[in-house]
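Take a look at the letters that make up each chain.
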Amino acid sequence: MSLRFVVLLAGSLLAGCASVPPAALPGREQIREFALEARFALRITLPDQAAQSSGGRLSWEHRNGGDRVLVANPLGYGVAEIDTTPTLSRLRTANGEIHESPDADGLMEEVTGQRLPITRLPAWLLGRSDGTAEISKDSYNRPARLREAGWQIDYAYDDEAPTALPARLTLSRDGEIELRLRIEEWKENP
């Protein structure tokens, strides 16, 4: 797995079936801090290049206005760690390389060649927008599809509760990038 591909994968991530019953969690609008454990599958199809696929595990903690994402291969070996704060983003690879930037989206573009929506992902995981998204709801009034900034996020739930958090997400952009997340655990206020 190339560093560029792993970083692209890590950047596309920052993301959760609940260990606490979904009904015990507050509605998505009240959640400010969370942690999750997920499996992911990523497929990148760039013009004039063979498609690349990868998968693995993701541990993500979002709190105090920052994020910490640990990306591991399917066997659980860490391949990248991303830490973001409002003023600094840092990416560390398993081989010890460190990349820093005051702009998380810019850091991903610098390392991977792709401008990735790192700063929007925490809101998107919960079906939220900065006010510019088109959001479709399901019959329980939960986010079913969100479109914003050229990205489409599709949500699926394991539970019929109106307050349930998504168990599966598919994030895609222009047929070039597709990231599938299977969230195994959501935790509020980690």
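Basis of the calculations
Residues numbered from 1 in each chain as written. Predicted model: local features only at pLDDT ≥ 70, side-chain atom pairs only at ≥ 80, totals over all residues. Heavy atoms only, no water. Helix = DSSP H or I, 4+ residues; strand = E, 2+ residues; numbered from the N terminus. Areas by Shrake-Rupley, 256 points an atom, 1.4 Å probe, with all protein chains shown as cover. 1 Å grid on protein atoms, 1.4 Å probe; cavity = no way out; pocket = protein on both sides within 12 Å on 5 of 7 lines; lining within 4 Å. Points joined across faces, edges and corners; volume = space filled by probe spheres on them. Nonpolar A, V, L, I, M, F, W, Y, C, P; charged D, E, K, R; others polar. Polar contact = N/O pair within 3.5 Å; in protein donor to acceptor, adjacent residues only side chain to side chain. Contact = heavy atoms within 4.5 Å. Buried < 20%, exposed > 50% of the residue type's maximum accessible area, 1.4 Å probe, protein only. Phe/Tyr/Trp six-rings, centres within 6.5 Å; stacked < 30°, edge-to-face > 60°. Lys NZ or Arg CZ within 6 Å of the ring centre and 35° of its normal. pLDDT = per-residue confidence, 0-100.

Student: Sorry, what's going on with the overall build of the protein chain here?
Tutor: Tallying secondary structure elements over the protein chain gives three helices and eleven strands in all. In sequence order, the secondary structure elements of the protein chain are arranged as α-β-β-β-β-β-β-α-α-β-β-β-β-β. Approximately 9000 Å² of the protein chain is accessible, and the part contributed by carbon and sulfur atoms is 48%.

Student: Would you mind going over the layout of surface pockets with me for this structure?
Tutor: A water-sized probe, rolled over the atoms, reveals where empty space remains. Size it by volume and the largest pocket reaches roughly 250 Å³. Along its surface, the largest pocket is lined by 20 residues, and His62, Gly65, Asp67, Thr119 and Pro122 are the ones closest to its centre. Here the lining of the largest pocket is built from residues that sort into nine nonpolar, six polar and five charged.

Student: Whenever I open this one, the side chain of Gln152 confuses me. Can you help?
Tutor: Looking at the element boundaries, Gln152 is found in strand E9 (residues 151–156). Of note is the side chain of Gln152, whose polar atom sits 2.9 Å from the side chain of Asp154. Setting aside residues up to four positions removed in sequence, Gln152 forms contacts with Arg145, Leu146, Arg147, Thr170, Leu171 and Ser172.

Student: Explain helix H2 (residues 104–112) here, please?
Tutor: The buried count for H2 comes to seven of nine residues, which makes it a mostly enclosed element. Turning to H2, its buried residues number three or more, namely Ala104, Asp105, Gly106, Leu107, Met108, Val111 and Thr112. Where H2 begins, the side chain of Asp103 points an oxygen toward the backbone nitrogen of Asp105, at a separation of 3.4 Å. Once H2 ends, the next one or two residues include Gly113, with phi positive near 85 degrees.

Student: Help me understand the packing of aromatic side chains, please; the structure alone is not making it clear to me.
Tutor: Here the distance between the centres and the angle between the planes together describe a pair of aromatic rings. Under the criterion given, the structure shown has three aromatic pairs. With centroids separated by 6.5 Å and ring planes inclined at 50 degrees, the aromatic side chains of Trp124 and Trp151 adopt a geometry described as tilted. Residue Trp124 is located in helix H3 (residues 121–125), and its partner Trp151 is located in strand E9; the two are separated by 27 residues in the primary sequence. Trp151 carries the same exposure label as Trp124, and that label is buried. Members of the aromatic cluster, joined through ring pairs, are Phe34, Trp60 and Trp186. If you follow Arg142 out to its NZ or CZ, it ends over the ring of Tyr157, 4.0 Å from the centre.

Student: Whenever I open this one, the confidence of the model for the protein chain confuses me. Can you help?
Tutor: Detailed reading of the predicted coordinates is not advisable wherever pLDDT is low. Counting all residues, the mean pLDDT for the protein chain is 85, and 85% of those residues have values of 70 or more. In the predicted structure, residues 12–24 sits below a pLDDT of 50 and forms 51 contacts with residues beyond four places in sequence or in another chain.

Student: It is not clear to me how unusual backbone geometry should be interpreted in this structure. Could you clarify?
Tutor: Among all residues except glycine, the phi angle is most often negative; among peptide bonds, the trans geometry is most common. Located in the positive-phi region is Asn64, a residue other than glycine, with phi close to 55 degrees. Here Asn64 lies in the loop between strand E2 (52–63) and strand E3 (66–72). A relative accessible area of 64% places Asn64 in the exposed class. Here the phi dihedral of Asp174 falls at roughly 50 degrees; this positive angle occurs in a residue that is not glycine. With respect to the helices and strands, the residue Asp174 is situated in the loop between strand E10 (168–173) and strand E11 (177–188). Residue classification places Asp174 among the exposed residues on the basis of a relative accessible area of 65%.

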